Each structure stands twice: as structure tokens, then as C-alpha cells.
Amino acid sequence: MDLVSIERQYKIRRFNITIIAIIFTLLLILVVHHFDYFAITKKHANCAEEYEKQCNELAIIEQERKQEQEEQENIVQIGVQSPETKLPELTQKGRDNISNIYSSERKRAFLTFDDGPSREISIPILDLLKTENIKVTFFVLGSRVELYPDIVKREYEEGHYIANHGYSHIYSQIYTNTQTVLDEYNKTNDAIKNALGEPNYNSHLFRFPGGSVGGKYKQIKKEAIALLDSNNIAHVDWNALTGDAEGKSTKEEEISYLKETIGEKNNVVILMHDAADKSATYEALPEIISYLREKGYEFCNFYDIIE
Ligand SMILES: [Zn+2]
């Protein structure tokens, strides 16, 4: 081999080496870039995953916050909706309305319950009145209010009128003199205040046990009316009754007697009792309510007329 041939071979080999080196470098760049790309892609993927996770967490927090807000709004709404309580006020117009209670042209029925509260009868009556959406008047006895303050509070909170029927219901005690009538009113009013947790409660409305006229104590009753009046306390009797305190002991007897005493009256103040032994009154009540509705009476309580 001559020198020229050796030199040519050497140049070719150097050229090849250079080409290989270039290709190798290019490959190396390509590989490095490739790894970089994967690394970046993976990083991006991780970021996306992390971002999604954060988004989910934020969504959960937001949802929880909304739920909490809704719950709080519900609590506020419940607080606004109930109870529907009101302290009675007796104005001159209220006095006149009570004095003329039987002479309105509208057909009105005042359901009134005396001698309660009792756990046996007052509670089922309250449940029924709630279903029927009727507000009535309870003439409570102070001695009974002290036994069942929770029932009186429920009556009040459900929009019924809590009026006063004295403390003892023992005629010889309450009608000892005019002052004892007022004393029993005040003692009962204190019991109502305690039951309701309303230090300013005053019903301004009394029902004389046995009625405000006649009987052995008629003179004391007459004078007591004036004493109560000067203390801003009105009184009311009734003009229709089931006879549940006068020997009518079945549902049928009570309904029949009530229809008889209602007659053709436009305004009826109906005397009933929610004492423990008056289960027939409770049993008669759904039919009494239907009858009054059929006859076109509007149900009222003393909140509707006292102011
Ligand atoms: Zn009574």
C-alpha cells in the first residue's frame, strides 16, 4: 500500500468517525430532550392531579359552607315562624267588643274550655285544634296551671288565648267577698306568668266559676264585676254549651245539647271543659267543629276582639 492510499484511508476513517460522532451527539441530544419531555409531562400530570385534588377539596369546603349556611337560615326561619305569641292588651274598644260579643252580624263561634289544664284532655284537644287550625280560649284554674305549666305554655305558643277562671274553683272560698275574687284572679295570673315565662302577662279576662250572675253569691259577684272592671279586667259568660258539667256524659248527648243551645244564634260563646274526666267533650269535638263549619261560623278567640 502506498502512502497516498494510506492517507486516503485515514481521511475516510476520520470522516466516518466524525459522522458517527455527529450522529451520536444528535442521538444524545434527542435522548436527553426526550427524557426532559417525559419529566415535564409527568410534572404537568402531577400538577394537574394536584390541581384537581385541590379543586375537589375546595368544592367540598364550599359545599359544607353552603350546607351550614342553609342550616343556620332554617334555624332562623323556625325561630321566626314559631311561637306565635302575643301579650293581651285591653283597650276601651276591646271592652266594648266583649260587652257586645253576642251582637256581631258575622257568624262567630268562640270555643272556650274551662277548669284545665289536664294532661288527659287538654293535650288531645290541643292536637286536634292544631290539625283543624282553630284558635280557642282556655279559662285556666291557677291551681291546675301550677300542676301543668308546660301545657299552658303550649296553649299560649300555639296561639290560643289564656284567660283566667280563678284559683280554687271552690265557691265558698272565691266568693267569700269581692276582694277574694280579685285575689284569686291575681294568684292565677301569677301562675300563668310563671308558666309562660312572661312577667308582664295579664289576660284581662275572667270567667266567674258558675257564671257571673245568679246563685247564692250573686251579690258578691255583682260587686266583684265592678272591682274587676276598675282593675282593667273584663269578664265573659257563655250563651251555648255542651252540658259536659251538667250530667251530659256521652258524645251524642253533648252534641245534641249543644245544637239545642246554639239554636239560630249568630254569635256563640260555647262553654266546654278540659278537665281530666271530660273525655266525652274531646270525643264530641270533631263533630262539633264540622257542625259549626257547615253552619258557616267563623272560629274566633279573644285575641280577635280584645284590642
Ligand atoms: Zn269552672
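Structure's up top.
Computed from a prediction, not measured in an experiment: that's the story for all the values here.

Asker: How would you explain the overall build of the protein chain if you had to name every residue and give the values?
Answerer: The secondary structure content of the protein chain amounts to ten helices and eight strands. Evaluated residue by residue, the protein chain yields a buried proportion of 29% over its 307 residues. Considering only intrachain contacts with a sequence separation of at least 6, the fraction spanning at least 24 residues in the protein chain is 80%.

Asker: Lay out helix H3 (residues 122–132) in plain terms, naming residues and giving numbers.
Answerer: When we look at burial in H3, the residues that qualify are Ser122, Ile125 and Leu129. Axial view of H3: buried residues confined to an arc of 60 degrees, hence all on one face. Turned more than 90 degrees away from the buried face of H3 sit Asp127, Lys130 and Thr131, all of them exposed. Tucked inside the fold, the buried residues of H3 contact strand E1 (108–114), helix H5 (149–157) and helix H10 (279–294). One or two steps after H3, the chain reaches Asn133, where phi turns positive at roughly 55 degrees.

Asker: Account for the packing of helix H9 (residues 251–262) against H10, with residues named and values stated.
Answerer: Where H9 meets H10, the closest approach of the two axes is 8 Å, and the angle between their N-to-C directions is 45 degrees. What the angle tells us is that H9 and H10 run oblique. The chirality of how H9 crosses H10 is right-handed. Residue-level contacts link Lys251, Glu254, Ile255, Leu258 and Lys259 of H9 to Ala280, Thr281, Glu283, Ala284, Glu287, Ile288 and Tyr291 of H10. When the residues that make up the contact of H9 with H10 are grouped by side-chain class, the tally is six nonpolar, one polar and five charged.

Asker: Now, about the pairing of E1: what can you tell me, with residues and values included?
Answerer: Taken across its seven residues, E1 has seven buried, putting it largely inside the fold. The alternating pattern of E1 places Arg108, Phe110, Thr112 and Asp114 on one face and Ala109, Leu111 and Phe113 on the opposite face, and all of these are buried. In this structure, E1 lies alongside strand E7 (residues 267–273), joined through seven bridges in parallel fashion. Its bridge partner being in E7, Asp114 is matched across the sheet by His273. As judged from the three bridges shared by E1 and strand E8 (residues 298–300), these two strands associate in the parallel manner. Looking at the pairing, Phe110 lines up with Cys300 of E8. Summarising the sheet, E1 and strand E2 (residues 137–140) pair through three bridges and their orientation is parallel. When the sheet's bridge partners are listed, Asp114 is paired in E2 with Phe139. Since E1 and E2 lie parallel, the crossover through H3 that links them has a hand, and here it is right-handed.

Asker: Quick rundown of the packing of H3 against H10? Include the residues and the values.
Answerer: Between H3 and H10, whose axes approach to 10 Å, the crossing angle comes to 20 degrees. With respect to their mutual orientation, H3 and H10 come out roughly parallel. In this structure, H3 crosses over H10, and the sense of that crossing is right-handed. Here Pro124, Ile125, Leu128 and Glu132 of H3 lie close against H10, whose contacting residues are Tyr282, Leu285, Pro286 and Ile289. Among the residues making up the contact of H3 with H10, the classes are represented as seven nonpolar, no polar and one charged.

Asker: An account of unusual backbone geometry is needed here, citing residue identities and associated values.
Answerer: Omega for the bond connecting Gly116 with Pro117 falls within 30 degrees of zero, at 0 degrees, which places this linkage in the cis form. Positionally, Pro117 belongs in the loop between E1 and H3. Unusually for a residue other than glycine, His204 sits at a positive phi of about 55 degrees. Structurally, His204 can be placed in the loop between helix H7 (178–196) and strand E4 (205–206). Classification of His204 as buried rests on a count of 22 C-beta atoms within 10 Å.

Rules of the game
Going along each chain's sequence as written, the residues are numbered from 1 onward. The model is predicted, so local features are restricted to residues of pLDDT at least 70 and side-chain atom pairs to those at 80 or more, both for listing and for counting; the totals for chains, interfaces and linings are taken over all residues. Runs of E in the DSSP output that reach at least two residues are strands. Runs of H or I that reach at least four are helices, and both are numbered from the N terminus. Counting other C-beta atoms within 10 Å of its own, a residue is labelled buried from 20 upward, exposed at 12 or fewer, and partly exposed in the gap between, with every C-beta atom placed from the backbone. For the purpose of contact definition, each residue receives a C-beta atom placed from its backbone, and two residues are in contact when these atoms lie within 7 Å. By definition, the arc is the one covered by directions from the helix axis to the C-beta atoms. Working convention: axes come from line fits to C-alpha atoms, limited for helices to the stretch in contact. Angles between N-to-C directions cover 0 to 180 degrees. Reported orientations rely on four angle classes, namely roughly parallel under 35 degrees, roughly antiparallel over 145, roughly perpendicular from 65 to 115, and oblique for the rest. By the definition used in this description, the sense in which the near helix is turned from the far one sets the handedness, with an anticlockwise turn below a right angle giving left-handed and a clockwise turn giving right-handed. Ten residues, namely Ala, Val, Leu, Ile, Met, Phe, Trp, Tyr, Cys and Pro, are considered nonpolar, four, namely Asp, Glu, Lys and Arg, are considered charged, and the remaining ones, Gly among them, are considered polar. For two strands to count as paired, DSSP must find a minimum of two bridges between them. Clockwise travel from the first strand over the helix to the second, with the strands pointing away from the viewer, marks a crossover as right-handed.

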